[in-house]
Amino acid sequence: MRKDLVSIADLTKEEMLELFELAIEMKDKVKKGVEHHHLKGKVLAMIFEKPSLRTRVTFETGMYQLGGYAIYLAPQDIKLGQRESVPDVARNLSRWVDGIMARTFAHKTVTDLAENATIPVINGLSDLEHPCQILADFLTIKEHKGDFEGLKLAWVGDGNNVCNSLMLASGILGVHMTVTTPAGYEPPEDIVKQAQELAQKSGGSITLYNDPFEGVKDADVIYTDVWASMGQEAEREKRLRDFQGYQVNSKLLENAKNDVIVMHCLPAHRGEEITDDVLDGPHSVVLDEAENRLHAQKALLVKLMG
Ligand code: CP
Ligand code: NVA
């Protein structure tokens with residue numbers, strides 16, 4: 001395994017499957033109250049340039065359950081790149097702690113941290129990718145659907161960071177993924193190309209659509225996310241208009257398989273990209289995904305820092 005998890009494509013299929021096995025094993029231990037202090041005495045520094053509920057709580061809880069400790073560094077604490085350069089922060093942290101998790105705006109901030117730190121660096125969401133989310137998502141899909149091969153996963157919404165990591169992971173795992181966005185909101189061409197190349201080797205596929213009903217046809221999984229991500233607040237009104245017709249609602253679900261599961265990384269904007277009845281309905285697995293952030297990330301922490 002590489003030193004860092006900057007992109008989900010830093011992992012091979014075998015490494016991902018190993019992480020899921022370890023996550024399931026430790027999830028079982030949590031449920032049974034069995035101690036599993038694989039990271040006794042280890043410390044994780046958590047750098048946040050953006051807000052978070054799930055990422056912060058699951059990394060912090062995860063480190064505690066593993067017998068270690070996590071330090072939360074809020075945006076105003078270190079003023080990354082302003083008070084001190086990113087490489088200097090990475091070099092200093094490397095002398096004290098055993099790992100860094102960073103949630104950033106620019107993806108380059110995570111790559112710069114990784115290049116300059118001698119300890120593992122984990123991407124806890126950048127403008128380009130959200131690999132930890134995707135580990136939890138495929139763990140959730142495994143629990144609900146069993147196998148990945150031949151599975152059809154339909155993304156509906158913005159071609160954003162979560163979509164990018166999902167495409168790459170689908171390419172690695174051999175999943176057939178459709179990406180339906182309004183024109184102009186497609187994911188970056190270089191990531192689509194990278195995901196398609198991975199899919200060619202694994203037997204999966206990545207196909208872009210503009211019509212949601214076509215995109216979700218016979219889907220096993222439908223996935224959506226907010227229309228304006230953190231950092232895009234100024235574009236919110238325009239995006240609300242441009243994404244009309246791309247809502248995940250019960251009418252759209254009728255086009256998918258009867259046993260389709262609906263996923264969302266959360267936080268959701270209810271009534272915008274997804275309706276209440278779908279988010280809270282029988283097809284929704286969003287809280288399983290949220291729970292699995294804890295278990296998938298603990299497996300990752302053990303593999304990288306253990
Ligand atoms: N899904 C996710 O990363 O949630 P937070 O932004 O609350 O961490
Ligand atoms: N695409 C969203 C994901 C939040 C977890 C964002 O970047 O804000």
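Residues numbered from 1 in each chain as written. Chains lettered and ligands numbered in written order. Predicted model: local features only at pLDDT ≥ 70, side-chain atom pairs only at ≥ 80, totals over all residues. Heavy atoms only, no water.

Here we look at the site of ligand 1
To keep it simple, the criterion reads: Near residues are defined by distance, with any heavy atom within 4 Å of the molecule or strand qualifying the residue. Polar contact is defined as a pair of N or O atoms within 3.5 Å, subject to the rule that within protein one atom must be able to donate a hydrogen and the other to accept it, and that residues adjacent in sequence are counted only when both atoms are side-chain atoms. Note on areas: Shrake-Rupley, 1.4 Å probe, and residue coverage restricted to the protein chains presented here. Computed over the protein atoms alone on a 1 Å grid, cavities are sets of points where a 1.4 Å probe fits but cannot get out and pockets are open sets with protein on both sides within 12 Å along at least five of seven lines; a residue lines them when it has an atom within 4 Å of a point. A pocket or cavity is taken to hold a molecule when more than half of that molecule's atoms are within 2 Å of the pocket's grid points. Here the term charged refers only to Asp, Glu, Lys and Arg, the term nonpolar to Ala, Val, Leu, Ile, Met, Phe, Trp, Tyr, Cys and Pro, and the term polar to all other amino acids, Gly among them.
Within the structure, ligand 1 sits among S52, L53, R54, T55, R103, H130, Q133, C265, L266 and R293. Within the side chain of R54, an N or O atom sits 2.8 Å from an oxygen atom of ligand 1. In this structure, an oxygen atom belonging to ligand 1 sits 3.0 Å away from a side-chain N or O atom of R293. Notes on ligand 1: free accessible area 250 Å², of which the protein chains cover 96%. Cavity membership is defined here by more than half of the atoms lying within 2 Å of grid points; on that basis ligand 1 lies in the largest pocket. When grouped by side-chain class, the residues that make up the shell around ligand 1 number three nonpolar, four polar and three charged.

Some words on the sheet that holds strand β9 (residues 261-264)
Each strand in a sheet pairs with another by means of backbone hydrogen bonds, the pair being arranged parallel or else antiparallel. Filter applied, for reference: Here, any two strands with at least 2 DSSP bridges between them count as paired. Each helix is a run of H or I in the DSSP string that is no shorter than four residues. Each strand is a run of E no shorter than two, and both are numbered from the N terminus. In this analysis, axes come from line fits to C-alpha atoms, helices being fitted only over the stretch in contact, and the angle between any two N-to-C directions falls in the range 0 to 180 degrees.
With parallel pairing, the five strands of this open sheet are ordered in space as β7-β6-β5-β8-β9. The open sheet has two free edges, formed respectively by β7 (205-209) and β9, since each of these has just one partner strand. Neighbouring strand axes in the sheet, compared pairwise and without regard to direction, differ in orientation by 20° on average. Where strand β5 (residues 152-156) lies against strand β6 (residues 176-180), five bridges are found, and the strand directions are parallel. Opposite A154, over in β6, you have T178 as the bridge partner.

Some points on the layout of surface pockets
A water-sized probe, rolled over the atoms, reveals where empty space remains. To be explicit about the condition: Grid points are joined across faces, edges and corners, and a volume is the space filled by probe spheres set on the points.
There is about 400 Å³ of room inside the largest pocket. Surrounding the largest pocket, 24 residues form its lining, V226, S229, M230, L266 and P267 being those nearest its centre. Elements supplying a minimum of two residues to the lining of the largest pocket: α2 (54-65) and α7 (161-173). In the lining of the largest pocket, the residues fall into 10 nonpolar, seven polar and seven charged. In this structure, the second largest pocket occupies an estimated 170 Å³ of space. As for the second largest pocket, its lining consists of 14 residues, of which D127, D158, N160, N161 and Q232 are closest to the centre. For the lining of the second largest pocket, the per-class residue count stands at three nonpolar, seven polar and four charged.

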